[in-house]
Amino acid sequence: MKPLSKKDKLILTAKIKAYFRSFKQFVCCDELPDFKILYTDARKDPSIAYKAQVSLYEKPIILRCNIAEIDEKDPDFKYTLVHEFTHMYDYFMLHKTYDNAFLNRNMFLYTECHAVQIEILFCYKIVDTIFDSANFMKTDLDHMLDLPYIKNKTYANTVLNFLDNQSITNFHYMKTAYMYSYGATTILSQLLEQPMTFMNFEKPYDQELTKAQRILQNIKYDQLPSEKDLIRLGNINKKINQMFLENITLK
């Protein structure tokens, strides 16, 4: 794959900024600050693992786009951007109250779950803004009902990769993919007012993640989590990380 030309970068940047403007309207947050875009290649740069990845704790916030995978004609391009924009939104809103140390410790499980919820609401046109009520006439309900299972498949694949190579990186991917699965399930079960099944987390981490489920299912997609809930989620994340490191040490 040849490097992006200067013209291609300008066109891609304009599309990303256009999606960002639409996203700010959707979350009703015009004051959401801008960000810097860096184009990089995952085949040479280990700092990026997917199509796009946001670095929240840099000034300005940086959105790294992986030119090895990014394709603006692929629908997943928009989904990925909205997902990363939601991380920016969560950080911006919560940073009004909490410092970086607090957020770096406690925000991970919440924002990965929330980013999938907003991604589904925005990209599948369920609502016009984050504060609107759901309108399922705008989308294909049968397709939406498949979304939790699509996310479950993603999680199942990361589990296989983790079992094959139990590295810190693969453990992180597995946690993240589980939040994707759970986020998709909770948003649709809340909006449809009917229970939906979701994947269970791998043992021995399942009991702690079940606690996280109970916390996350009571946080509405259009409301910020409480300090108590963030701390509890941060404690759970810290504990399962410690469990993983202990298990690796014992092997």
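For the structure, see preceding data.
These numbers were taken from a predicted model, which means no experiment stands behind them. (Residues numbered from 1 in each chain as written. Predicted model: local features only at pLDDT ≥ 70, side-chain atom pairs only at ≥ 80, totals over all residues. Heavy atoms only, no water.)

Points about the pairing of strand β3 (residues 62-66)
When you tally the buried positions in β3, you get 5 out of 5 residues, the bulk of the element. Going residue by residue along β3, you find Ile 62, Arg 64 and Asn 66 tucked away on one face and Leu 63 and Cys 65 tucked away on the opposite face as well. The sheet contact formed by strand β1 (residues 36-40) and β3 spans 5 bridges and is parallel. Counterpart to Leu 38 in the pairing with β3 is Arg 64. Here strand β2 (residues 52-55) runs beside β3; their pairing, made up of 4 bridges, is antiparallel. (Buried < 20%, exposed > 50% of the residue type's maximum accessible area, 1.4 Å probe, protein only. Helix = DSSP H or I, 4+ residues; strand = E, 2+ residues; numbered from the N terminus. Pairing = 2+ DSSP bridges.)

What about the sheet that holds β2?
In a beta sheet, neighbouring strands are held together by backbone hydrogen bonds and run either parallel or antiparallel to one another. Overall, mixed pairing links the 3 strands, which are arranged β1-β3-β2 in an open sheet. Of all strands in the sheet, those with a lone pairing partner are β1 and β2, marking the two edges. The sheet shows a mean angle of 25° between the axes of neighbouring strands, taken without regard to direction. Contacting β1 and β3, helix α1 (residues 6-26) runs over the sheet at an angle of about 135° to β1. Those strands touched by helix α2 (residues 75-94) are β2 and β3, and its axis lies near 10° from that of β2. (Axes fitted to C-alpha atoms, helices over the stretch in contact; angles between N-to-C directions. Contact = heavy atoms within 4.5 Å.)

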